[in-house]
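The residues making up each chain are set out below.
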Amino acid sequence: MAPKVHVKKGDIVKVVAGDNNGKTGKVLEVIPDKGRVVVEGVNIIKKHARPSQKNPQGGIIDRPGPIAAANVMVVCPNCDEAVRTGNVRRSDGSAARTCKRCGKAID
Ligand SMILES: [Zn+2]
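Definitions and limits used
- Residues numbered from 1 in each chain as written.
- Predicted model: local features only at pLDDT ≥ 70, side-chain atom pairs only at ≥ 80, totals over all residues.
- Heavy atoms only, no water.
- Core = buried A, V, L, I, M, F, W, Y, C linked by side-chain atoms within 4.5 Å.
- Buried < 20%, exposed > 50% of the residue type's maximum accessible area, 1.4 Å probe, protein only.
- Helix = DSSP H or I, 4+ residues; strand = E, 2+ residues; numbered from the N terminus.
- Contact = heavy atoms within 4.5 Å.
- pLDDT = per-residue confidence, 0-100.

Draft legend 1. Expanded view of the nonpolar core. Residues Val-7, Val-37, Ile-67 and Val-72 are the most contacted members of the largest nonpolar core, which totals 17 residues. Elements that contribute at least two residues to this core include exactly strand 1 (12-15), strand 3 (36-39) and strand 7 (72-76). When residues in this core are grouped by element, the largest group, three residues, is from strand 7. What Val-7 contacts, discounting residues up to four positions off in sequence, is Val-13, Val-27, Val-30, Val-37, Val-72, Val-74 and Arg-97.

As structure tokens, this is what we get:
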């Protein structure tokens, strides 16, 4: 079974380890099979693009590359800091994540 990724698309996360330590950005993509995430503005890689309708010149485009999900932590909107999250179940049965620091729901 693939490791469960604790962040979701749209989360604001902080990188807490590795080459991009300290950077903050929004999660653009989660790749659960590989345990990786793509975070806006983090791990920018240059990608060679063929000319296309969208980009008729082709050439090199900058885009964020995937990093290990284990290296990021969710930023709690209430604490404004990278925090550990816990899982709780709402009264309607849906899952929610909470900040282990302030106890408030993050989702
Ligand atoms: Zn919090």
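Draft legend 2. Expanded view of the confidence of the model for the protein. With 97% of its residues at a pLDDT of at least 70, the protein reaches an overall mean of 92. Of all secondary-structure elements in the protein, the lowest mean pLDDT belongs to strand 9 (residues 85-89), at 90, while strand 1 reaches the highest, 98.

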